[in-house]
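# Coordinate inspection notes
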Amino acid sequence: MRYLSTRGTMAPTSFSDILLDGLAPDGGLVVPAEIPTVSPDERESWRGLTYPELAARIIGLYATDIPTDDLEEMTRNAYSPLRFSAPEVVPVTPIDEQMSLVGLSEGPTMAFKDLAMQFLGQAIPYVLTRTGRVLNILGATSGDTGSAAEQAFGGADTINVFMLSPHGRMSDVQRAQMYSLTDPNIHNLAIDGVFDDCQDLVKAITGDAQFKADYSIGAVNSINFGRICAQIVYYFWAWLRATDDVEDRERSGSAVSVAVPSGNFGNIYAGHLARRMGLPIRRLILAANENNVLDEFFTTGIYEPRTREQTLATSSPSMDISKASNLERFIWEFVGPTEFPDRWAALVRSGRLDLSDQLPRLRDEFGFVSGTSTHQDRLASIRTVHAESGMVIDPHTADAVTVASRVSEPGVVTLVLETAKAEKFRRTVVEALGVEAPAQSERIAALLALPQRVVELPDDAESVREQIRTGALQRRNTTGFTD
Ligand SMILES: *Cc1c(COP(=O)(O)O)cnc(C)c1O
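Structural notes, computed from the coordinates. (Residues numbered from 1 in each chain as written. Predicted model: local features only at pLDDT ≥ 70, side-chain atom pairs only at ≥ 80, totals over all residues. Heavy atoms only, no water.)

## Remarks on the sheet that holds strand β6 (residues 159–166)
- The strand order across the open sheet formed by 5 strands is β8-β5-β6-β7-β15, and the pairing between neighbours is parallel. Looking along the sheet, the strands with just one partner apiece sit at the ends: β8 (217–218) and β15 (455–457).
- Relative to β15, strand β7 (residues 186–191) runs parallel, the two being bridged by 3 bridges. In the strand pairing of β15, isoleucine 191 is matched with leucine 457.
- Across the sheet, helix α8 (residues 195–206) lies against β5 (135–140), β6, β7 and β8, angled at about 145° from β5, the strand it touches most. (Pairing = 2+ DSSP bridges. Helix = DSSP H or I, 4+ residues; strand = E, 2+ residues; numbered from the N terminus. Contact = heavy atoms within 4.5 Å. Axes fitted to C-alpha atoms, helices over the stretch in contact; angles between N-to-C directions.)

## Side note on the site of the ligand
- Inspection of the region around the ligand gives 15 residues, with Lys113, Asp144, Gly263, Asn264 and Asn267 positioned closest.
- Within the contact set of the ligand, an oxygen atom lies 2.6 Å away from a side-chain nitrogen or oxygen of aspartate 144.
- In the model, an oxygen atom of the ligand is placed 3.2 Å from a nitrogen or oxygen of the glycine 266 main chain.
- Looking at side-chain class alone, the shell around the ligand contains 5 nonpolar, 8 polar and 2 charged residues. (Near = heavy atom within 4 Å. Polar contact = N/O pair within 3.5 Å; in protein donor to acceptor, adjacent residues only side chain to side chain. Nonpolar A, V, L, I, M, F, W, Y, C, P; charged D, E, K, R; others polar.)

## Here's the deal with helix α4 (residues 68–78)
- Leu71, Met74, Thr75 and Ala78 are the residues of α4 that are buried. End-on view of α4: buried residues confined to an arc of 90°, all on one side of the axis.
- Where α4 is buried, its residues contact α3 (51–62) and α5 (113–131). (Buried < 20%, exposed > 50% of the residue type's maximum accessible area, 1.4 Å probe, protein only. Arc of directions from axis to C-beta.)

## Focus on the pattern of salt bridges
- Across all of its chains, the model carries 21 salt bridges by this definition.
- Between glutamate 409 and arginine 282 there is a salt bridge, with the nearest N and O atoms lying 2.5 Å from each other. In this pair, glutamate 409 sits in the loop between α18 (395–407) and β14 (413–418) while arginine 282 sits in strand β10 (residues 281–288), placing the two residues 127 residues apart along the sequence.
- Each of Glu44, Arg47, Arg241 and Asp244 takes part in one network of salt bridges that share partners. (Salt bridge = Lys/Arg side-chain N within 4 Å of Asp/Glu carboxyl O.)

Here it is, written out as structure tokens:
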């Protein structure tokens, strides 16, 4: 498998190479040169595989430069019972006749980011060891990505993590999951600003090619294709589990829809790739919160990113995004590589991309439908699911339930992706359920009681660079020692 850049000027490269960096060198996003397909027979032959076995098969279609045995060892370690609390790794549980919950939050940080990040936690050290390199990972987080990355890379001896987070703007649990870590290779930097300021600092520092090369800076943000690839796995897994029962398979004609709480368009883009690979997904249901640029795009064909001032702080905070980085990959495919440069240049120039003349294709050819869920919708969905099934869902998952209920079709089962555990966003759950909300678990209470350490910094790139200069792992010299 070869990889290209959406901007079209990158030399074709391998999976191992693209793992270490988010962006292509020309500033575009990395995309596979062709999408591998999986025949119905092959798919059926995967029904008996465990999650780690299935992951090695699917990731192996993209990571063609990594030997199968090595990949199998990586996925066994990444998705081991030591890291995921459910024995099946991703449990699929019916909510009612029409909807099932896909449990993507059984990992160490109780959010779906663990599924991709735990794979990178194996794959990146593997590549570094083979090439004798070290990596300083620089990232920005609004909460879930940072904790998942720190859990995945904590203690790795070829990797240091510098994670920027907005000071005082994360939930108690998110903060504790990051700041209580004691691994010496984890550097938490709390920035006096909002998430977008943190992201701008990362862009400023990684845009400095010399600094980036001198300090071997890498990225594991949601545009990293290694993450996208690991996310394809659970679409196949959930589809196979939803159709395990022959009667279910006959009743639904194997047509299953998937509802995805979306922000940066990374998760649902993986679903789109699964569908292109041949998985019979009927609809990809995109759920947005009040920050609904993506819903606007899929209902009108017009994409108009908003500014940070126009981005609201909502009760599903991990979806408070008004400029969806991964959408570039989809648009590249949708308009085609030839037309893409002009279309993209127009978007950058005018802040608006108009594909409304091709609107029917979004639904008919690509299967996308979308909707917006508000705070009140979220509360109502948490209450409804609890009343019907006794399950307690988190506010992001509730957004997907809201939109899935609105667009549900008779006879079609919808798989709702659970992107976080309710415990991680307890305040909204208590608001929805009142006295019926579950008490805080011992696990969370113990986490919140741990001592925390963090370096507070102004919103200033030079201060961050200084932290990297003093804390960075240095490239090894030719004798194999660290200098
Ligand atoms: C990251 C995140 C999302 C959004 O996922 P994207 O891949 O950015 O679309 C939704 N819910 C939760 C809980 C998340 O952490």
